[in-house]
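Examining the three-dimensional arrangement
What follows is the residue order along each chain.
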Amino acid sequence: MTTIQSVVRGSAKAQGSQASDEPTAEEREWAQQQRQARLRRLGLVWALRLAVAAVLLISWQIIGQANPLFTSYPTAVAAAAWDQVTSATLFTAIGQSFEILAMGLVLGVVVGVLGGLIIGRYALVASSVEWIMSALNATPLLAIIPLVIVWFGLGVESKVVVVFMLTVFSMLFNTAAGVHEVDQHVLDVSRAYMASEGQVFRKIILPSSVPFIMTGLRISIGRALIGTVAAEFFTGISGLGGRIQTYGAAYQTDSMLVPVLTLMLIGVLLTGLARWLEKIAAPWRD
């Protein structure tokens, strides 16, 4: 009989604990209010964005119609964009530019992350090469593009090298800064537990450096777009940079603004992709 009573009491306690885990009416109401508040804030943000965009477009239309040769206006740019889309000129230029952008950016990210991990981890290596990295990073890109052309010619290789040189240093320095921010006490504990160097990199240094790496990636995207356009200006008329130069030389402002706006859109999309990857790689930052 005592056993039966204890079983009954235990089941009653279990049911009570399960019931206590369920949210109360006040908690459900509070959660609903929070969801509604987030939706209202999101609606307000998008309303403000659309209002700002409308003001800019209307102002641009008024000012551009007064002097269309130098500023053009949205309706003319939209017509020029439609012509370039229907003739496939815009898509061809996007493909040429994106090939250079992707290769140079990926190469810069890989080399920059690996180099940043090594420089940030080993002080002797950092003291040996950091001054060279700083000097190269401070060198104006336009000053060395002629040298890049001499070394690699006017093909795709020289364009990729230009993009790589503009992206690798931001990745390298941001990654090294992330390694420097690793808590020294955590590293001491890893040594106490006889963790190997590979385990320290995989389980401590790399996860701690992810936010810095993603920040460097967002910076590198903008620099990669600049490098792509600069490379197309100086190493051969092709891609979106070539379209900008061609239309600008002919004073076709409306057509010239189409690849400019396309580059802006590509930058926004790639930056949004980087933020999405950051949420996956470092969800704790939210």
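Only a predicted model underlies this, so the values are computations on that prediction, with no experimental measurement involved.

With that settled, consider the overall build of the protein chain. Counting its secondary structure elements, the protein chain contains eleven helices and zero strands. In sequence order, the protein chain lays out its α and β elements as α-α-α-α-α-α-α-α-α-α-α. Against the globule reference of 19 Å for 286 residues, the protein chain gives a C-alpha radius of gyration of 28 Å, more extended than a compact globule. With the principal axes as the frame, the protein chain shows a C-alpha extent of 100 × 55 × 30 Å. Burial status across the protein chain gives 32% buried among its 286 residues. For the protein chain, the proportion of contacts with a sequence separation of at least 24, taken over those separated by at least 6, is 73%. Accessible area of the protein chain: about 17600 Å², with a carbon and sulfur share of 69%.

This brings us to the packing of aromatic side chains. Evaluation of the coordinates by the stated rule reveals zero aromatic pairs. The ring of Trp46 is capped by Arg49, whose NZ or CZ atom sits 4.7 Å from the centre of that ring.

Once that is clear, we can look at the confidence of the model for the protein chain. This prediction gives the protein chain a mean pLDDT of 81; 91% of its residues lie at or above 70. Element-level mean pLDDT values for the protein chain span from 49 in helix α1 (residues 2-21) up to 89 in helix α4 (residues 89-121). Between residues 1-5, whose pLDDT stays under 50, and residues either more than four places distant or in other chains, the model counts zero contacts.

Once that is clear, we can look at unusual backbone geometry. Trans peptide bonds make up the majority, and among non-glycine residues the majority have a negative phi. Positive phi, close to 65°, is recorded for Ala88, a residue that is not glycine. Assignment of secondary structure puts Ala88 in the loop between α3 (74-86) and α4. Assessed through its relative accessible area of 34%, Ala88 is described here as partly exposed. Positioned with a positive phi, Tyr251 is a non-glycine residue whose angle comes to about 60°. Accessibility expressed as a relative area gives 60% for Tyr251, which makes it exposed.

In a pair of packed helices, the angle between the axes and the distance between the axes together describe the arrangement. With their axes 10 Å apart at the nearest point, helix α5 (residues 123-138) and helix α7 (residues 156-180) run at an angle of 140° to one another. If you check the angle between α5 and α7, you find them oblique. The two elements α5 and α7 meet at a crossing, and its hand is left-handed. Contacts between α5 and α7 involve Met133, Ser134, Leu136 and Asn137 from the former and Phe169, Leu172 and Phe173 from the latter. By residue class, the composition of the contact of α5 with α7 is five nonpolar, two polar and no charged.

To continue, consider the side chain of Thr253. Mapped onto the elements, Thr253 comes out in helix α11 (residues 253-281). Those residues in contact with Thr253, other than ones at most four positions away along the chain, are Pro68, Leu69, Phe70, Thr71 and Ser72.

Checked against the element boundaries, Ser72 lands in the loop between α2 (25-66) and α3. Once you skip the residues sitting within four places of it in the chain, Ser72 turns out to touch Trp60, Gly64, Gln65, Asn67, Val77, Thr253, Asp254 and Leu257.

This part covers a nonpolar patch on the surface. Nonpolar side chains collect at one region of the surface, where Val106, Leu107, Val110, Val111 and Leu114 lie side by side and expose about 420 Å² of accessible area between them. By secondary structure assignment, the location of Leu107 is in helix α4.

Calculation notes
- All chains use their own residue numbering, which begins from 1 and follows the written sequence.
- With pLDDT at 70 or above as the cut-off, local features in this predicted model cover only qualifying residues; side-chain atom pairs require 80 or more to be listed or tallied, and sums for whole chains, interfaces and linings still use all residues.
- Only hydrogens and water are set aside when side-chain values are computed; all heavy atoms of the structure are taken into account.
- Numbering of helices and strands starts at the N terminus; helices are DSSP runs of H or I of at least 4 residues and strands are runs of E of at least 2.
- Computation of the radius of gyration draws on C-alpha atoms, with the globule rule given as 2.2 Å multiplied by the number of residues to the power 0.38.
- Working definition: with a 1.4 Å probe on protein chains only, accessible area under 20% of the residue-type maximum means buried, over 50% means exposed, and in between means partly exposed.
- By definition, residues are in contact when any of their heavy atoms lie within 4.5 Å.
- Only the protein chains shown count as cover for residues, and the accessible areas themselves come from Shrake-Rupley with a 1.4 Å probe.
- Here the aromatic set is Phe, Tyr and Trp, taking the six-membered ring for Trp, and pairing holds for ring centres within 6.5 Å; pairs whose planes are under 30 degrees apart are stacked, those over 60 apart are edge-to-face, and all others are tilted.
- Cation placement over rings: the criterion is NZ of Lys or CZ of Arg within 6 Å of the ring centroid and within 35° of the ring normal.
- Predictor confidence is given residue by residue as pLDDT, running from a minimum of 0 to a maximum of 100.
- Every axis in this analysis is a line fitted to C-alpha atoms, fitted for helices over the stretch in contact. Angles between the N-to-C directions lie between 0 and 180 degrees.
- The cut-offs work like this: below 35 degrees is roughly parallel, past 145 is roughly antiparallel, 65 to 115 is roughly perpendicular, and the gaps in between are oblique.
- Definitions for this section: a left-handed crossing has its near helix turned counterclockwise from the far helix by less than a right angle. A right-handed crossing has that turn clockwise.
- Polar here means any residue other than Ala, Val, Leu, Ile, Met, Phe, Trp, Tyr, Cys and Pro, which are nonpolar, and Asp, Glu, Lys and Arg, which are charged; Gly is therefore polar.
- Within this analysis, patches are made of residues with over 30% relative accessible area and no salt bridge. Like charges are joined at 9 Å or less; nonpolar side chains (Val, Leu, Ile, Met, Phe, Trp, Tyr) at 5 Å or less.
- What makes a salt bridge here is a side-chain nitrogen of Lys or Arg within 4 Å of a carboxyl oxygen of Asp or Glu, nothing more.

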